[in-house]
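Structure at a glance
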Amino acid sequence: MSRPHHSLRASINASGVAFLLAACASLPSTSLKTLDGNPPLVAAHRGASGYLPEETIEAYVKAIELGADFIELDLISTKDGVLIARHDPNLGISTDVAMHPEFAARKRTTRVDGETQTGWFSNDFTLAEIKTLGAISTDAQRPQEFNGRFKVATFQEVIDLAKRKSQETGRTIGIYPETKNPSYFRQLGLPLEDKLLAMLTEAGWNSRSAPVLLQSFEPGSLKYMRSKGTTLRMVQLIDGDSVDLKTGVITYGVPSDRPYDWTLAGDKRNFDAMVTPAGLAEIKSYADGIGPWKRYIVSAKGKVGADGKVLDLNGDGKINDADATTLEPTTLIADAHKAGLFVHAFTFRNENRRLAANYNGDPKQEYLQYYALGLDGLFTDFTDTALAARAEYLRQVGERK
């Protein structure tokens with residue numbers, strides 16, 4: 001399947017990787033292993049979330065300035081039916097709502113996709129109320145000085161930003177929205193899909209050539225939007241809970257075990273059913289690509305001590321990716337390409353605790369491995385690192401020619 005990247009060659013930012021334009025022009029399409037022969041796409045995961053509170057206009061502006069091809073956002077609904085950019089319905093995770101005494105009484109416990117959560121939920125707040133909140137970093141090891149300074153963005157604000165910045169920069173900046181917890185919101189009478197499609201139509205972006213990629217973990221959400229006649233490109237996300245570092249095998253647990261619409265339908269399969277040939281063929285019937293957790297492509301395994309526990313190799317007192325080394329890559333990218341699906345993996349991050357030990361603390365080494373495997377695109381919290389690694393990869397490919 002041919003998949004245009006919407007002037008991708010013209011979308012590389014001028015700072016740091018300007019020479020990529022010339023490199024791309026000099027490379028025949030057959031020199032890259034991506035499905036369409038184009039350089040891998042870099043999507044800024046929730047904006048420049050490695051540097052600023054995620055899914056705020058400021059984070060998206062920063063990502064665009066860094067050179068992102070697409071800016072990625074999660075869509076949830078307010079009580080009054082407005083689509084906003086937040087990763088979780090639970091506002092306590094990514095905003096300072098807990099510091100607002102006027103909303104103390106709205107704290108409650110509920111279930112989201114089968115998981116019991118306590119906090120403040122977007123469907124209990126109007127947009128006007130949510131706009132009084134400040135966004136906060138969701139990672140304690142990332143900058144905290146911006147907490148509370150930036151507001152929650154609406155979907156319309158992100159659309160307007162992408163259009164404005166595309167005009168200002170002269171390069172196409174795409175948007176990559178996800179219908180987040182769509183069954184949860186549908187059950188509340190706040191379905192996401194029709195509003196999403198209507199807003200894209202109003203923006204002139206509801207066609208196959210639009211700089212838009214739609215994504216969801218729930219197949220039903222994508223299938224519904226396809227049934228409404230949209231030709232927009234769609235991506236089936238594929239999750240997992242964790243990796244058993246004793247074996248390198250992906251594990252599954254609520255809410256990351258299976259699509260929640262499968263759970264509601266009584267389907268007991270886990271997400272790994274999607275990466276089989278049959279699963280990929282089914283996805284191809286309604287989507288154009290897959291967005292797997294990167295461990296489906298390259299997993300990692302730790303060293304087990306005499307006590308049967310994974311060794312803390314870096315001595316930080318915690319067991320994480322830094323205590324493991326990568327295993328041989330799977331055939332998922334090749335299998336997906338054979339099925340006519342592109343592959344956009346998530347999520348790439350710079351912190352050492354999230355890098356396998358054999359990358360030696362250098363996040364570029366991880367990117368380079370995945371690029372060389374033919375990955376079509378990725379989601380990253382650090383757009384600048386992803387682009388620098390992409391430039392290095394294309395230089396290496398050019399040198400081998």
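Before going into details, it helps to say that this report is about the structure given with it. (Residues numbered from 1 in each chain as written. Predicted model: local features only at pLDDT ≥ 70, side-chain atom pairs only at ≥ 80, totals over all residues. Heavy atoms only, no water.)

**Side note on helix α3 (residues 57–66)**
Those residues of α3 that fall on the buried side of the exposure criterion are A59, Y60, V61, A63, I64 and L66. Turning to α3, the residues buried within the fold contact β1 (41–44), β2 (70–77), β3 (83–85), α5 (155–169) and α13 (383–400). G67 lies just past α3 and shows a positive phi near 110°. (Buried < 20%, exposed > 50% of the residue type's maximum accessible area, 1.4 Å probe, protein only. Helix = DSSP H or I, 4+ residues; strand = E, 2+ residues; numbered from the N terminus. Contact = heavy atoms within 4.5 Å.)

**A closer look at the layout of surface pockets**
Considered as a void within the structure, the largest pocket measures approximately 1,400 Å³ in volume. If you go around the largest pocket, you meet 49 residues; those closest to its centre are R46, H87, D239, S256 and F346. Secondary structure elements with two or more residues in the lining of the largest pocket: β2, β5 (115–119), β6 (174–179), β9 (242–244) and β14 (342–348). For the lining of the largest pocket, the class distribution of residues is 15 nonpolar, 13 polar and 21 charged. Lining the second largest pocket, in full, are P219, K223, D261, W262, R269, A273, M274, G279, E282, I283 and Y286. (1 Å grid on protein atoms, 1.4 Å probe; cavity = no way out; pocket = protein on both sides within 12 Å on 5 of 7 lines; lining within 4 Å. Points joined across faces, edges and corners; volume = space filled by probe spheres on them. Nonpolar A, V, L, I, M, F, W, Y, C, P; charged D, E, K, R; others polar.)

**Some points on the packing of aromatic side chains**
Taken as a whole, this structure holds 12 aromatic pairs when the rule is applied. With 6.0 Å between their ring centres and 70° between their planes, F217 and F271 make a pair best called edge-to-face. Placement of F217 in the loop between β7 (213–216) and α8 (219–227) and of F271 in the loop between α9 (260–265) and α10 (277–284) is noted, with a sequence separation of 54 residues between them. F217 sits in the buried class, given a relative accessible area of 17%. With 4.9 Å between their ring centres and 90° between their planes, F348 and Y370 make a pair best called edge-to-face. (Phe/Tyr/Trp six-rings, centres within 6.5 Å; stacked < 30°, edge-to-face > 60°.)

**Focus on the pairing of β7**
Side chains L213 and Q215 of β7 all project onto a buried face; the interleaved residues L214 and S216 project onto the opposite face, where all are buried too. When β7 meets strand β8 (residues 233–238), the two strands line up parallel, connected through four bridges. Of the residues in β8, the one forming a bridge with L214 is M234. In the classification by handedness, the crossover that spans β7, the intervening α8 and the parallel β8 is right-handed. (Pairing = 2+ DSSP bridges. Right-handed = clockwise from strand over helix to strand, strands pointing away.)

**Focus: helix α7 (residues 193–202)**
Buried residues of α7: E193, L196, L197, M199 and L200, and no others. One face of α7 carries all of its buried residues, which in axial projection span an arc of 160°. Positive backbone phi, approximately 80°, marks G204, located one or two places after α7. (Arc of directions from axis to C-beta.)

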